[in-house]
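Each chain is listed here by its residues.
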Amino acid sequence: MRREQSLFVGTAVPTVAGLVTVWAGNPTGSAGTVSDRLWSAATGAGVAEWLWIAAALLGLGWSTVTLGAAVRRREPSVDVIAWLALAGALWVGEPFAGAVIAVMLAGGALLEGRAQARARRELGLLAERMPRIARRDSGAGPVMVAVDEVAVGDRLVVGAGEVVPVDGRLSGAAVLDESALTGEPMPVERRAGEEVRSGVVNAGPAMRLTAIATARDSTYAGVVRLVEQARAGSAPFVRMADRWAVAFVPLTLLLAGVAWAASGDPVRAVAVLVVATPCPLLLAAPIAIMSGISRAARSGVVVKGGGALERLAAGRVLLIDKTGTLTEGRPRLVDVVVAPGGALAADEVLRLAASVEQSSAHVLAGAIVSAAHGRGLRPGAADQVRERHGYGIEGVVDGRRVRLGRAAAPADDESLTVAVTVDGVPAGVLRLEDPLRPQGPRMIRALRAAGIRRVVLVTGDQGDGAANRFNARHVKTPQQKTRH
């Protein structure tokens, strides 16, 4: 990256300094137009000419190195035209044209270097998250081993908050944070015998699993390899320019030769080379691709590479995730349903539930506590709090034993429901939903205006409930479906 920065500064500064020198020696108001003064300086002698010669020589040196690398790799490259244009501009005494070409080459190299540095940084963040050690379960207790030493069939222990090192099969129930792989912010409950993927986080107590893949063959290692491939590859548009070099370079040289022969002036040949130099084409493609990927990243969208970004232009069908995409990804309390014949009011049920949930780090607990404060309720202190991940939480509030656990929702309802019992008697049910983003309808309309013809909602929720809720917010089309 520093080489590209030095190259850009080394070519841009002399070029601009030469222009300033010309302007200072022939300020506005003197005879001739601005273009006349620049042309006069470009063809005359003086400090400006030497500055532009220095910039052109630096660009020529860089072009020689890159062209030599392409020759060693036996890859066609349009850089040969830029090299000939630089050398020709210096040969016929047109240093200003050479300096401009050098600046364009340096600008392209700088942009490419920035894109590669960004890719290396993102890959480094992924690699840092990869587990380095695992705890193998032995007769004497867990033993720390390098993750590369884990073999298929090994029994492993994963502590609370730790990243699962390899793909495995659970020995017991577990609560997992799979957002790193799926984007789903809600903890997921897994039963004994289910498979878990490396890269997910244990959001519950310590769990045990049996390795079904080595670290190299596990899911998270595959994700890192995908990013490496994206970094190594370039966009089809950029590669296409190099493929055209097979025909474009000979045609350019032929036209330059014809111009020289017809006019008898080598300047004409250099003019053809300068005009044919594909610097603007190669410069524009990296700018557009890097800008698009960076803009998407600021919005939380990770694009694999320039090729994937270009293929979006041909997309006509959109498979769209619900949680965190159409919805906010954070549950909110929408209703408190009091048990028939219950002795407690809705606010009291919520207050007791929030009193117990204050001690929990579960994502639903935060939503319940926030809802209680939003209604002006003051949760009390809870004693003897005991939480069992995947089953619920209980505690004593004001002398009453309060227990919260997952309740079954109606078949056509995608809301999350939490049952509340007080002293063993059902007191009510808390209904929570992941609210839709208010900009969702506008986003769908914008996608359709951009050429998307069919939108398919992808969700793990109940099909009818998700479809009804999706359509109820005026984001519907005749082609929409729900899959789970």
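Residues numbered from 1 in each chain as written. Predicted model: local features only at pLDDT ≥ 70, side-chain atom pairs only at ≥ 80, totals over all residues. Heavy atoms only, no water.

Draft legend 1. Structural view of the confidence of the model for the protein chain. Summarising the model, the protein chain shows a mean pLDDT of 78, and 75% of its residues fall at 70 or more. Per-element mean pLDDT across the protein chain ranges from 33 in strand β18 (residues 482–483) up to 93 in strand β4 (residues 168–170). Under a pLDDT of 50 for its full length, residues 41–45 has, in the predicted model, 10 contacts with residues more than four places off or in other chains. Long-range and interchain partners of residues 472–484, a stretch whose pLDDT sits below 50, account for 35 contacts in this model, where long-range means more than four residues apart. (pLDDT = per-residue confidence, 0-100. Helix = DSSP H or I, 4+ residues; strand = E, 2+ residues; numbered from the N terminus. Contact = heavy atoms within 4.5 Å.)

Draft legend 2. Highlighting helix α16 (residues 440–449). Looking only at α16, the buried set comprises Gly-440, Pro-441 and Ile-444. The buried residues of α16 all sit within an arc of 105° when viewed along its axis, so they share a single face. Away from its buried face by more than 90 degrees, α16 exposes Arg-442, Arg-445 and Ala-449. Those residues of α16 that are buried are in contact with β10 (317–321) and β17 (454–458). Positioned one or two residues after α16, Gly-451 has a phi angle of 120°, which is positive. (Buried < 20%, exposed > 50% of the residue type's maximum accessible area, 1.4 Å probe, protein only. Arc of directions from axis to C-beta.)

Draft legend 3. Main features of the pairing of strand β16 (residues 425–433). With six bridges connecting them, strand β11 (residues 332–338) and β16 associate as antiparallel partners. Bridging across to β16, Val-338 finds its partner in Gly-428. Where strand β15 (residues 416–422) lies against β16, seven bridges are found, and the strand directions are antiparallel. Of the residues in β16, the one forming a bridge with Ala-419 is Val-429. Joining the antiparallel neighbours β15 and β16 is a turn of two residues, in which Asp-423 adopts a positive phi near 55°. (Pairing = 2+ DSSP bridges.)

Draft legend 4. Highlighting the sheet that holds β16. With antiparallel pairing, the six strands of this open sheet are ordered in space as β11-β16-β15-β14-β13-β12. Of all the strands in the sheet, just β11 and β12 (382–388) have a single pairing partner and so form its edges. Across the sheet, the mean angle from the axis of one strand to that of its neighbour is 20°, orientation sign disregarded. Along the sheet, helix α14 (residues 346–357) contacts β11, β12, β13 (392–397), β14 (400–406), β15 and β16; its crossing angle with β14, the most-contacted strand, is approximately 85°. Contacts from helix α15 (residues 363–374) reach β11, β14, β15 and β16 within the one sheet, and its direction differs from that of β16 by about 100°. (Axes fitted to C-alpha atoms, helices over the stretch in contact; angles between N-to-C directions.)

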